[in-house]
Amino acid sequence: MNATTAEQASAPVPEDALRSVLLAGERPSRPGPVLTSLTFGWRALLKIKHVPEQLVDVTMFPIMFTLMFTYLFGGALAGSTQEYLQFLLPGILVQANVMITMNTGITLNTDIQKGVFDRFRSLPVWRPSPLVGALLGDVMRYSIGSAIVITLGLVLGFRPEGGAVGVVLSVALLLVFSFCLSWLWTMLSLILRTPNSVAGVSMMVMFPLTFVSNIFVDPKTMPGWMQAVVEVNPISHLATVVRGLMDGSVPAGEIGWVLVSSVLLLAVFGPITMVLYRNKK
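Structure report, in brief. Here the structure is a predicted model, which is why all the values come from computation and not from measurement.

Points about empty space enclosed by the protein
Within the structure shown, the criterion is met by one cavity of 30 Å³ or more. Here the largest cavity defines a volume of roughly 180 Å³. As for the largest cavity, its lining consists of 18 residues, and the residues nearest its centre are Ala44, Lys47, Thr107, Ala134 and Asp138. Counting residues per element, the ones that place at least two in the lining of the largest cavity are helix H3 (33-50), helix H6 (102-114), helix H7 (116-121) and helix H8 (129-156). Here the residues of the lining of the largest cavity sort into eight nonpolar, five polar and five charged.

Written as structure tokens, this is what we have:
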């Protein structure tokens, strides 16, 4: 009995029988770009779930900057910490979001070094979906950072005259700009060889952009040559828009500049990133 069973098990299965089994069910359709991008976005969120330390830059740094600048420099810069908070908090909201974008490139470079992206590129999915999904996952991080900054500001006494609508619109614009800016760090993650290199170059770019701006002080107090630099800084335009929306005014011209900057960032660095991603060895 056992010998007969062993012989039956080792006997080759007829090709027609295999074909009938494989064709019995309907073949699932190939996933589209939206579904695959959302799937990789969910992967990014799961990484946060299993490694919550990734949220340190989203939570602790905005809190530290808000408290330090408000209570250390607020009295000297504005004569009152409460008055300075009204000016500072929209700027801190901008700084928190744009600084968080650097984590995108660091995380992607880590995946590349581990060989994870080699596996992604071999999958029969829309080619940009791993990159787009990672950036969509980071949008959730930007949202968390924005919520923390706004909540802390309300606790400290910040009162946006634009109400909830102004706050929501300013955060939405911030998310759009941050998503587009993230493509710059994604490009760097495909050029530089280590996560530390990506972090170093990103900090070297972001610190001048955020500090040589109108985030912390009014440019009118600066020398003329520095005012000119601040006025062409896209971060300054973004901070001006966020302040205006939260104050109840709608700076249409500034909103246009921010949207144009976002489109240019995406149009320039998006295609370059995809070419580098396609040719990455």
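Concerning helix H5 (residues 81-100)
Side chains of residues three or four places apart in an α-helix project in the same direction, reflecting 3.6 residues per turn. Leu88 marks where H5 bends most, by close to 35°; the proline Pro90 follows one to four residues later. Among the 20 residues that make up H5, 15 are buried, leaving the element largely enclosed by the rest of the structure. Between the side-chain oxygen at the start of H5 and the backbone nitrogen of Gln82 there is a gap of 3.3 Å, and the oxygen is on Ser80.

Re the nonpolar core
Ranked by size, the top nonpolar core spans 64 residues in total, and within it Leu93, Val94, Val98, Phe177, Leu181 and Trp183 carry the most contacts. The greatest single-element share of this core, amounting to 15 residues, is contributed by helix H9 (residues 163-191). Ignoring sequence-local partners within four residues, the contact set of Leu181 consists of Val98, Thr101, Met206 and Leu265.

A closer look at the packing of H5 against helix H12 (residues 234-247)
Packing of H5 against H12 leaves a shortest axis separation of 9 Å and a crossing angle of 130°. The angle between the axes of H5 and H12 places the two elements in the oblique class. As for the relative orientation of H5 and H12, their crossing is right-handed in sense. Along its contact with H5, which presents Phe87, Pro90, Gly91, Leu93, Val94 and Val98, the element H12 presents Ile235, Leu238, Ala239, Val242, Arg243 and Met246. Grouping the constituent residues of the contact of H5 with H12 by class yields 10 nonpolar, one polar and one charged.

Some remarks on the pattern of salt bridges
For the structure on display, the rule yields three salt bridges. Close ionic contact of Lys47 with Asp111 constitutes a salt bridge, the shortest N to O distance being 3.4 Å. Of this pair, Lys47 sits in helix H3 while Asp111 sits in helix H6, and the two are 64 residues apart along the sequence. Between Asp118 and Arg121 there is a salt bridge whose closest N-O contact spans 3.4 Å. Residue Asp118 and its partner Arg121 are both found in helix H7; the two are separated by three residues, about one turn of the helix. Residue classification places Asp118 among the partly exposed residues on the basis of a relative accessible area of 46%. Put simply, Arg43, Lys47 and Asp111 are held in one network by salt bridges that share partners.

Examining the side chain of Ser236
Relative to the assigned elements, Ser236 resides in helix H12. Within the local environment of Ser236, its side chain forms a polar contact with the backbone oxygen of Val230, the two atoms lying 2.9 Å apart.

Comments concerning H9
Its 29 residues place the ends of H9 43 Å apart at the C-alpha level, agreeing with the 42 Å of an ideal helix rising 1.5 Å per residue. Among the 29 residues of H9, 21 are classified as buried, and the element is accordingly described as predominantly covered.

Digging into the environment of Asn103
Take Asn103: it is sitting in helix H6. As for Asn103 and Ser202, which are separated by 99 residues in sequence, their C-alpha atoms are 9.1 Å apart. Setting aside its immediate chain neighbours within four residues, Asn103 contacts Asp57, Asp138 and Arg141.

Things to note about the packing of H5 against helix H10 (residues 195-211)
Look at H5 against H10: their axes get within 11 Å of each other, and the N-to-C directions meet at 165°. As judged from the angle between their axes, H5 and H10 are roughly antiparallel. Handedness of the H5/H10 crossing: right-handed. Contacts from Gln95, Val98 and Met99 in H5 reach Met203, Met206, Phe207, Thr210 and Phe211 in H10. The residue inventory of the contact of H5 with H10, partitioned by class, reads six nonpolar, two polar and no charged.

Definitions and cut-offs
- Residues numbered from 1 in each chain as written.
- Predicted model: local features only at pLDDT ≥ 70, side-chain atom pairs only at ≥ 80, totals over all residues.
- Heavy atoms only, no water.
- 1 Å grid on protein atoms, 1.4 Å probe; cavity = no way out; pocket = protein on both sides within 12 Å on 5 of 7 lines; lining within 4 Å.
- Points joined across faces, edges and corners; volume = space filled by probe spheres on them.
- Helix = DSSP H or I, 4+ residues; strand = E, 2+ residues; numbered from the N terminus.
- Nonpolar A, V, L, I, M, F, W, Y, C, P; charged D, E, K, R; others polar.
- Bend = angle between axes of the 7 residues up to and from the residue.
- Buried < 20%, exposed > 50% of the residue type's maximum accessible area, 1.4 Å probe, protein only.
- Polar contact = N/O pair within 3.5 Å; in protein donor to acceptor, adjacent residues only side chain to side chain.
- Core = buried A, V, L, I, M, F, W, Y, C linked by side-chain atoms within 4.5 Å.
- Contact = heavy atoms within 4.5 Å.
- Axes fitted to C-alpha atoms, helices over the stretch in contact; angles between N-to-C directions.
- Parallel < 35°, antiparallel > 145°, perpendicular 65-115°, else oblique.
- Left-handed = near helix turned anticlockwise from the far one by under 90°.
- Salt bridge = Lys/Arg side-chain N within 4 Å of Asp/Glu carboxyl O.
- Expected span 1.5 Å × (residues − 1).

Take it as geometry only, folks, not as evidence of what the structure does.
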